Structures are given as C-alpha cells and as structure tokens.
Amino acid sequence: MENYWNQEIECMSREDMKKLQDERLVAQVKHVYENVKYYRDLMDEKGVTPDDIRSTDDLHKLPFLTKADLRDAYPYGLLAKPLSECTEIHSTSGTTGKRVVAFYTKNDIDLWHDCCARAITAVGGTKDDVCQVCYGYGLFTGGPGLDGGSHKVGCLTLPMSSGNTERQIQFMRDMGATIICCTPSYAAYIGETLHDMGLTTDDIKLKAGIFGAEPWTEEMRRSIEKSLGIKAYDIYGLTETSGPGVSFECSEQTGMHINEDHFIPEIIDPDTGEVLPEGSVGELVFTSITKEAFPLLRYRTRDLCVLSRKKCSCGRTLIKMAKPMGRSDDMMIIRGVNVFPSQIEAVLIEQGYSPNYLIEVDRVNNNDTIDVSVEMNPDQLSDKVKDMQKQERLLAEAMKAMIGINPKVHLVTPKSITRSEGKAVRVIDRRKLHD
Ligand code: DLL
C-alpha cells in the first residue's frame, strides 16, 4: 500500500491544485513586489505589475531570475522579510563564484521539512524506522533538510553527517538503521566499504535509501541497490528553493513528484527563454509560491529535464520531473559534441566496471582531448599488457557508440580514484585553466 504524508495535497485533483497555485502565486507576486526592490526593478523594467498576474496562466509574463541575479543581490538584496523574522540560513559551497545564501523564516523551515517528510514517507518511512542521515550538515542543505523531515515523520534520526565511513557502518549495524540518506556517490562508497569490512547485506537492516544532490544514472541505482540490499530512491532540490524536497520519488520510480503546492515548474528553451510544451527537454525553472524570506519567481536552475503529467500508479497527482540529465553548465562540449558525464557513467556500469572514474578534458594543438580513467574491479585485473589494452579498446569503443567521439581510456588499479563523501567531482576541464 502506498504511504502518503499529506494525502489531500499529494493526490489533489488537477483543478483544485491549480486553484491553490493561482491564489498562492498572486499573493506571492504582491509580497515580492512590495518588499524586494530588486524584483520591483526587474518587473518594472519588463513593464509588469502585480495586477497583471491573476493566475498561473500569467506566469510567463514575469521576468526570469538567474544565478547571476542572486550573486548581484548578495547577501541581502532578495530578502523579502526583515532579518529579525529569519531564523536560519543555508548556502552553496561557492566553488564557482560567490556563495548563494538562502534565508528561512520559521514557517519556511517548517514547510521545507514537510516536503522532506513527504519524501521519507514515500519510501515507506514511518515512526518505526531508523533514519541515518549522512548528507553533510551545516551550511549545506542536505543534512538539515532530511534531518528535519525524519523528525517530522518520527523516525529515530541518526544525524551522522558525511565521512568516517567505517563508523557510519558500525552505527548502521548497532542502531539497526532502515533508511539511509546521502549522495549516490557516497552510497556507492558505503556499499564498497561494507564489503571491504567483510560484511554482507545480511549484516545490516537497511531497506531504502534517499539519494540526490548530484546527477546519477539508472545503472548506478541498480549497482547501489545490489551492494546495500535496498531500494534506492531519488530526491531533488537546490539551496535556492530551500534544499532537498522540491521533488521526490515514489514506488513507481519513473521520475520525481514535484511538490506543486510550493513550487511551480516550467521547462524553457535555455537559449530563447521560450516556455516549452510538456514532454520537451529543456531548462527547469521554478517559482516558489509559499516561501516567505527568500521567494524565487521564475528561477532558472540550469538543470536540464523533462516534465510529465502521465498518471502515476502511486496515486499521487503531483507532476513528475525526470532525473535531471545534468546541468547545462556540467555539459562538456568536446570537439563540438555535447557530452554529459552521466553518459560515460552509464557505459561503465553497463560494461561491468565500477562507478569510480575521472574524466579529464584538455586542448592540445587546438584539438580537444578527452581521457577517462576507469577503476577496475579486482577480478578485471590482468598481468598481461595485451589483455589490458584490449579491455581499454573495447571500453573506448562502447563510449564512442554512446557519445559519438573517441575517448582515451585508462584502466587504473582498484581503489586508486579518490572516493567522494559528498558530491563527487567527475570532471577536470583543463581547457578552462588555459583560457
Ligand atoms: O544539492 C540540495 C539537495 C540535497 C538535493 C540533498 C537532494 C539531496 P545544491 O547544493 O544547491 O543543493 O545543488 C543543487 O544539485 O541544481 C542539481 O544540479 C543538482 N541536484 C540536486 N538533486 C539532484 C538529483 C542540493 N536528484 C543542484 N539529480 C541542482 C540530479 C541533482 N541532480
């Protein structure tokens, strides 16, 4: 039987949901226009006033907000509530420029945790579960978000944060953890460590995992499910929209249901900004209609995705988004061809290799080069150079069939590629260093 955290909302008729969104959008646009000069200026520039927005059908009239706007307005320029009403901040790591800082009122925190509680309930979580949260805690939203959701559901919450993998496994066994929350790359590492410690899935009680914060493939899902003996579910979100819980997977596992009572999604053409019809691949845009301190109108996520209203067997009526294919800024253009790390990952796992790899892109004599270092499993090791060369050649051919260009493949010894405890770094693009 399917479990819901808030059945009324999660299974609401399309008509009622639209009505709710209409009301909330109109109120949100007013709130933002009146309280945030940055938005008022953007709207004035486009010649739009709050009176022009009468329902979600008018959404397209609003200007977009981009990451550059967030950086421009750093730190307080988009704040829509007095600081005295804010109780928390979270932030991105800021590796690609200034940090993005998001503010929360008490109510914002409550709604965010509620979204995460929906995700935990959808994987079968109840107050009888023990939920091990090994996303990072602190400024990153992963730990605090799932922790809040787990408390709401009433699970026994293990606030582990990431790292110290053997201790994670010891706690998992001692406390009988049944649900684990972390990045998919860390889940793979935990699975590997479990087996290195001489343990099997019979030694742990895990039944489900809630994995997100980075792109991952169906192949990776199957590999994690096997190594931890669980069902692996996807969860999506970004700091700007509160964190995890914008959308979550249900038992059908064909995409993530978006919490539409809080976030209105659109798919746009990333080049022209034109809104695309359901089923098209494009950039995901979100409007948050309940956030008080840090609302976003038409925020461009840069995530490439597809939306679908196809009926779901779980009974939820919330629209679904496919697994994001990657960010438009993760996409590598190599010799003019668009390549996503996820395509390479899919080939590796399909061919029986580990999901531990590193892609290095460079430019030599005006020619792009792509080198993929791939870790072998111990049973793939051979002391015959010829065998190794053959394996490398076959793998390069499989990759060429997928991405259209010929990479140089280097098979490396087991455990030689650095493991990730948070978001994995899969690509080093040296061309950017020369430019
Ligand atoms: O990663 C929030 C989060 C924490 C989501 C825990 C899920 C679980 P940021 O650090 O701001 O926030 O990064 C957001 O990560 O725009 C996507 O590109 C990527 N991302 C997040 N979830 C997924 C997912 C958190 N399930 C950025 N699949 C987003 C693919 C994801 N990419």
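First, a word on what this report is: a plain description of the structure on this page. Throughout this document, residue positions are counted from 1 along each chain, in the order its sequence is written. Confidence filtering applies because this is a predicted model: local features only for residues at pLDDT of at least 70, side-chain atom pairs given and counted only at 80 or more, and all residues used for totals across whole chains, interfaces and linings. Water and hydrogen atoms play no part in the side-chain values, which are based on all heavy atoms of the structure.

**Describing the overall build of the protein chain**
Argument step 1. Numbering of helices and strands starts at the N terminus; helices are DSSP runs of H or I of at least 4 residues and strands are runs of E of at least 2. Of the regular secondary structure elements, the protein chain holds twelve helices and 21 strands.
Argument step 2. This radius of gyration counts C-alpha atoms alone. The globule rule is 2.2 Å times how many residues there are, raised to the power 0.38. Taking 435 residues into account, the globule formula puts the C-alpha radius of gyration at 22 Å, and the protein chain, at 22 Å, falls close to it.
Argument step 3. With the principal axes as the frame, the protein chain shows a C-alpha extent of 75 × 55 × 40 Å.
Argument step 4. The contacts in the protein chain between residues at least 6 apart in sequence include a share of 66% that link residues at least 24 apart.
Argument step 5. In short, Shrake-Rupley with a 1.4 Å probe defines the accessible areas, and a residue's cover is counted only from the protein chains shown. Looking at the protein chain as shown, the accessible area adds up to about 19,100 Å², and 50% of this sits on carbon and sulfur atoms.
Argument step 6. Across the protein chain, the centroid of the 53 positively charged side chains sits 1 Å from that of the 66 negatively charged ones. We call two residues in contact whenever any of their non-hydrogen atoms come within 4.5 Å of each other. Charged residues are defined here as Lys and Arg on the positive side and Asp and Glu on the negative side; His and the ends of the chain fall outside this count. Note on charges: their place is set at NZ of Lys, CZ of Arg, CG of Asp or CD of Glu.

**Comments concerning the sheet that holds strand S4 (residues 156-159)**
The strands that make up a sheet are held in pairs by hydrogen bonds between backbone atoms, and each pair lies either parallel or antiparallel.
Argument step 1. Two strands qualify as a pair provided DSSP detects at least 2 bridges between them. Sheet architecture is open: nine strands sit in the order S4-S3-S5-S6-S7-S8-S9-S14-S13, paired in mixed fashion. Edge positions in the open sheet fall to S4 and strand S13 (307-308), since each of these has one partner strand only.
Argument step 2. Pairing of strand S3 (residues 130-133) with S4 involves four bridges; the strand directions are parallel. Bridged to Val-130 within S4 is Leu-156.

**Regarding the pattern of salt bridges**
Argument step 1. For this document, the term salt bridge refers to a Lys or Arg side-chain nitrogen within 4 Å of an Asp or Glu carboxyl oxygen. Counted under the stated rule, the structure contains 32 salt bridges.
Argument step 2. Ionic pairing is found between Lys-18 and Asp-22, a salt bridge with its closest N-O pair at 3.1 Å. One end of the pair is Lys-18 and the other is Asp-22, both in helix H2 (residues 14-35) and four residues apart, which spans about a single turn.
Argument step 3. Since its relative accessible area comes to 25%, Lys-18 is described here as partly exposed.
Argument step 4. With a shortest N-O distance of 3.1 Å, Arg-430 and Glu-360 are connected by a salt bridge. Highlighted residues: Arg-430 in the loop between strand S21 (427-429) and helix H12 (431-434) and Glu-360 in strand S18 (residues 357-364), separated in sequence by 70 residues.
Argument step 5. Burial here depends on accessible area, computed with a 1.4 Å probe over protein chains only, as a share of the maximum for the residue type. Under 20% is buried, over 50% is exposed, and the range in between is partly exposed. Take Glu-360: its relative accessible area is 19%, and that puts it in the buried class.

**A short note on the sheet that holds S21**
Argument step 1. The strand order S20-S19-S18-S21 describes an open sheet built from four strands, whose pairing is mixed. A single partner strand is all that each edge strand has here, and the edge strands are strand S20 (408-412) and S21. Each strand of the sheet is rotated relative to its neighbour by a mean of 20°, with strand direction disregarded.
Argument step 2. In this analysis an axis means a line fitted to C-alpha atoms, helices contributing only their contacting stretch, and an angle means the value between N-to-C directions, from 0 to 180 degrees. Running over the sheet, helix H10 (residues 341-350) touches S18, strand S19 (367-375) and S21 and is turned about 130° from S18.
Argument step 3. Sheet contacts for helix H11 (residues 385-403): S19 and S20; angle to S20, the most-contacted strand, approximately 135°.

**Some points on the packing of aromatic side chains**
Argument step 1. Classification of ring pairs rests on two measures: the distance between centres of Phe, Tyr or Trp rings, Trp counted by its six-membered ring, which must be within 6.5 Å, and the angle between planes, read as stacked under 30 degrees, edge-to-face over 60 and tilted in between. Evaluated as defined, the whole model comprises seven aromatic pairs.
Argument step 2. Residues Phe-263 and Phe-286 carry aromatic rings whose centres are separated by 6.3 Å and whose planes lie at 75° to one another, so their mutual orientation is edge-to-face. Residue Phe-263 is located in strand S10 (residues 263-268), and its partner Phe-286 is located in strand S11 (residues 282-288); the two are separated by 23 residues in the primary sequence. You'll find Phe-263 and Phe-286 in the same group, each marked buried.
Argument step 3. The rings of Tyr-76, Phe-103 and Phe-294 are connected pair by pair, giving a single aromatic cluster.
Argument step 4. Only when the NZ of Lys or the CZ of Arg is both within 6 Å of the ring centre and within 35 degrees of the ring normal is a charge said to sit over the ring. Across from the ring centre of Trp-216, 5.7 Å away, lies the NZ or CZ of Arg-221, which sits over that ring.

**Some words on the site of the ligand**
Argument step 1. What surrounds the ligand is a group of 21 residues, the closest being Asp-234, Ile-235, Thr-239, Asp-303 and Lys-423.
Argument step 2. We call two N or O atoms a polar contact when they sit within 3.5 Å, provided that within protein one can donate a hydrogen and the other can accept it, with sequence-adjacent residues counted only if both atoms are side-chain atoms. Contact distances for the ligand include 3.3 Å between a nitrogen atom and a backbone N or O atom of Glu-214.
Argument step 3. Ile-235 is positioned such that a nitrogen or oxygen atom in its backbone is 2.7 Å from a nitrogen atom of the ligand.
Argument step 4. If the ligand stood free it would expose 610 Å²; the protein chains cover 94% of that surface.
Argument step 5. Looking at the shell around the ligand residue by residue, the classes come out as nine nonpolar, six polar and six charged. Near residues are defined by distance, with any heavy atom within 4 Å of the molecule or strand qualifying the residue. For this scheme, ten residues count as nonpolar: Ala, Val, Leu, Ile, Met, Phe, Trp, Tyr, Cys and Pro. Four count as charged, namely Asp, Glu, Lys and Arg, and the remainder, Gly too, count as polar.

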